[in-house]
Amino acid sequence: MAAEPPLVLVVDDDPDVRESLVDMFASVRIEARAFESTAALLAHGFPARPSCLVLDLRLPGSGGLELQAQLAAQHVVVPIVFITGHADVPTSVRAMKAGAVDFLPKPFREQELLDTVAEALRKDGERRLGDGQREAVRRLGEGLTPRETDVLRGVARGLLNKQIAYEMGISEITVKMHRSSAGRKLKSVSVADMIRKIELLDI
């Protein structure tokens, strides 16, 4: 299945800025949706696809920093690029420490914003891919027995079957059986693939 295209979410109370940014992203074939307030954005919600939030710092009602804090509290992970006509060092430092991708004062160069957003979308796509792989492996791992899990811990440490058997107080043949069964459940195609999945399971 093809990956969904990325989406830029623009929040700015100036309609001219919103239209300009949507048109700018459209010119490089990036879909963008614009909102006049943080409340409008929250009512819309966040897509299950690579995304980036281009957020004005000062907005009527809840401002950009307040939204950033609210999303963090709700464990909503989305890269944020702040834009503002009222930049000051303490505010920019606060935003960056809280995880903002960048903090661009208006007027900014279009190419600078495009480059920043493109990198944020790329990283968010990689994060979502990793999360998806981790979830898929987690579902496979639900079928593991406690004994199989113990054997996999030994595999992750680089132990030989006989060493795992000694530590667990079972025969080497039994270790091989558990290891083989765990490999089938995790759909491992190689030792390296099994170790990668063990790491994703964090066992």
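Not measured: the values here are computed from a predicted model.

A.B. asks: Looking at this structure, I do not really get the pairing of strand β1 (residues 7-11). What am I missing?
C.D. replies: The side chains of a regular strand alternate, first on one face of the sheet and then on the other. A large share of β1 lies buried, amounting to five of its five residues. Where burial is concerned, the two faces of β1 agree: the one with Leu7, Leu9 and Val11 and the one with Val8 and Val10 are both buried. One ladder, built from five bridges, connects β1 with strand β2 (residues 31-35); its direction is parallel. Note that in β2 the partner of Leu7 across the bridge is Glu31. In the classification by handedness, the crossover that spans β1, the intervening helix α1 (residues 15-27) and the parallel β2 is right-handed.

A.B. asks: In this structure, what is going on with the packing of aromatic side chains? I would like to understand it.
C.D. replies: What characterises a pair of aromatic rings is the spacing of the ring centres plus the angle enclosed by the ring planes. In the structure shown here, the tally under the stated rule is one aromatic pair. Judged by centre distance (5.9 Å) and plane angle (40 degrees), the rings of Phe82 and Phe103 are tilted. Here Phe82 is found in strand β4 (residues 80-84), whereas its partner Phe103 is found in strand β5 (residues 102-105), with 21 residues between them in sequence. Judged on exposure class, the residue Phe82 and its partner Phe103 are both buried.

A.B. asks: When you look at the layout of surface pockets in this model, what are you seeing that I'm missing?
C.D. replies: Empty space among the atoms becomes apparent when a probe as large as a water molecule is rolled across them. Considered as a void within the structure, the second largest pocket measures approximately 210 Å³ in volume. Lining the second largest pocket are 16 residues, and of these Val76, Val77, Val78, Ala98 and Gly99 lie nearest its centre. Partitioning the lining of the second largest pocket into residue classes produces 10 nonpolar, three polar and three charged.

A.B. asks: Looking at this structure, how should I read helix α8 (residues 172-186)?
C.D. replies: Counting along an α-helix, one turn takes 3.6 residues, and residues three or four places apart therefore face a common direction. End to end, α8 covers 21 Å across 15 residues, agreeing with the expected 21 Å (1.5 Å per residue, within 8%). Among the residues making up α8, those that are buried are Val175, His178, Ser181, Ala182, Gly183 and Leu186. Residues of α8 that are buried sit in contact with α5 (110-141), α6 (146-156), α7 (161-168) and α9 (191-201). Lys187 sits one or two residues past α8 and shows a positive phi near 55 degrees.

A.B. asks: Explanation requested: the packing of α5 against α9 in the structure shown.
C.D. replies: Helix-helix packing is described using two parameters, namely the angle between the two axes and the distance between the axes. The interhelical angle for the contact between α5 and α9, taken along N-to-C directions, is 95 degrees, at an axis separation of 9 Å. Here α5 lies roughly perpendicular to α9, going by the angle between them. Side by side, α5 and α9 meet where Gln133, Arg134, Val137, Arg138 and Gly141 of the first sit next to Arg196, Lys197, Leu200 and Leu201 of the second. Among the residues forming the contact of α5 with α9, the class breakdown is three nonpolar, two polar and four charged.

A.B. asks: Please explain a negative patch on the surface as it appears in this structure.
C.D. replies: Taken together, Asp13, Asp14, Asp16, Glu19, Asp23 and Glu36 make up a surface patch of like negative charges. Within the fold, Asp23 resides in helix α1. Relative accessible area serves as the criterion here: at 46%, Asp23 is assigned to the partly exposed category.

A.B. asks: I tried to follow the side chain of Thr149 on my own but got confused; where do I start?
C.D. replies: Along the chain, Thr149 turns up in helix α6. Residue classification places Thr149 among the buried positions, given a relative accessible area of 14%. Excluding its chain neighbours within four sequence positions, the residues that come into contact with Thr149 are Leu144 and Ile203.

Conventions used here
Residues numbered from 1 in each chain as written. Predicted model: local features only at pLDDT ≥ 70, side-chain atom pairs only at ≥ 80, totals over all residues. Heavy atoms only, no water. Buried < 20%, exposed > 50% of the residue type's maximum accessible area, 1.4 Å probe, protein only. Helix = DSSP H or I, 4+ residues; strand = E, 2+ residues; numbered from the N terminus. Pairing = 2+ DSSP bridges. Right-handed = clockwise from strand over helix to strand, strands pointing away. Phe/Tyr/Trp six-rings, centres within 6.5 Å; stacked < 30°, edge-to-face > 60°. 1 Å grid on protein atoms, 1.4 Å probe; cavity = no way out; pocket = protein on both sides within 12 Å on 5 of 7 lines; lining within 4 Å. Points joined across faces, edges and corners; volume = space filled by probe spheres on them. Nonpolar A, V, L, I, M, F, W, Y, C, P; charged D, E, K, R; others polar. Expected span 1.5 Å × (residues − 1). Contact = heavy atoms within 4.5 Å. Axes fitted to C-alpha atoms, helices over the stretch in contact; angles between N-to-C directions. Parallel < 35°, antiparallel > 145°, perpendicular 65-115°, else oblique. Patch = residues over 30% accessible without salt bridge, like charges linked within 9 Å, V, L, I, M, F, W, Y side chains within 5 Å. Areas by Shrake-Rupley, 256 points an atom, 1.4 Å probe, with all protein chains shown as cover. Salt bridge = Lys/Arg side-chain N within 4 Å of Asp/Glu carboxyl O. Lys, Arg positive; Asp, Glu negative; His and termini not counted. Charge placed at Lys NZ, Arg CZ, Asp CG, Glu CD.

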